[in-house]
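One-letter residues, chain by chain:
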Amino acid sequence: MAAPVNVIVQYILLRRDLKKMKNYNDGAIIAQACHASSAILHKTSNDELTKGYLSDLDRMHKIILSIEGGETEINEISDILKQNSIEHYLWIEQPENIPTAIAVKPHYKRDIEHFFSRYKLYR
């Protein structure tokens, strides 16, 4: 079900090519999204939108999107978000030092959805 545009959402972007890497099964890929999400929620825990997002645990909206372009594209997305002052966390898996996922601080969907319109849902 699509989230209404006035709802607070968290976007998470995952590298699609991780499925082809030998150490990344479905569980490992899900963990990358969880790491990034936990990190940005912790980092922005005093932010009013993050507080609002976490205040209704039964109705949190996360939108998980697929990055097709691997490491280059995930770094480019992170740079675009930085340039536009969109707080996010680029999770870099260690010890491999591989950027795997981006989680964005909760925002009103209407305010940031245009940054992600070119990406498809992760399936």
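Because the structure is predicted, anything quoted here is derived from the model rather than measured.

Thresholds, definitions, all that
- For every chain, the first residue of the written sequence is number 1, and numbering continues from 1 onward in sequence order.
- The model is predicted, so local features are restricted to residues of pLDDT at least 70 and side-chain atom pairs to those at 80 or more, both for listing and for counting; the totals for chains, interfaces and linings are taken over all residues.
- Only heavy atoms go into the side-chain values, all of them from the structure, while hydrogens and water stay out.
- Under the scheme applied here, a residue whose accessible area is under 20% of the maximum for its type counts as buried, over 50% as exposed, and between as partly exposed, the area being computed with a 1.4 Å probe on protein chains only.
- Secondary structure follows DSSP: runs of H or I at least 4 residues long count as helices, runs of E at least 2 residues long count as strands, and numbering of each begins at the N terminus.
- Between any two strands, pairing holds if DSSP finds at least two bridges.
- Given a helix with a known number of residues, its expected span is that number minus one, times 1.5 Å.
- Any two residues whose heavy atoms approach within 4.5 Å are treated as being in contact.

A. Layout of the pairing of strand 1 (residues 8-15). Of all eight residues that make up strand 1, eight are buried, and the element is covered over most of its length. Of the two faces of strand 1, both are covered, the one formed by I8, Q10, I12 and L14 as well as the one formed by V9, Y11, L13 and R15. Here two bridges tie strand 1 to strand 5 (residues 107-108), and the two strands are oriented antiparallel to one another. Paired with I8 across the two strands is Y108, which belongs to strand 5. Alignment of strand 1 against strand 4 (residues 98-104), held across three bridges, turns out to be antiparallel. Across the sheet, residue I12 finds its bridge partner in strand 4, namely A103.

B. Seen up close, helix 3 (residues 70-83). Its 14 residues place the ends of helix 3 20 Å apart at the C-alpha level, agreeing with the 20 Å of an ideal helix rising 1.5 Å per residue. Buried positions along helix 3 lie against strand 1, strand 2 (61-67), strand 3 (88-93) and strand 4. Looking one or two residues beyond helix 3, the residue adopting positive phi is S85, at roughly 55°.

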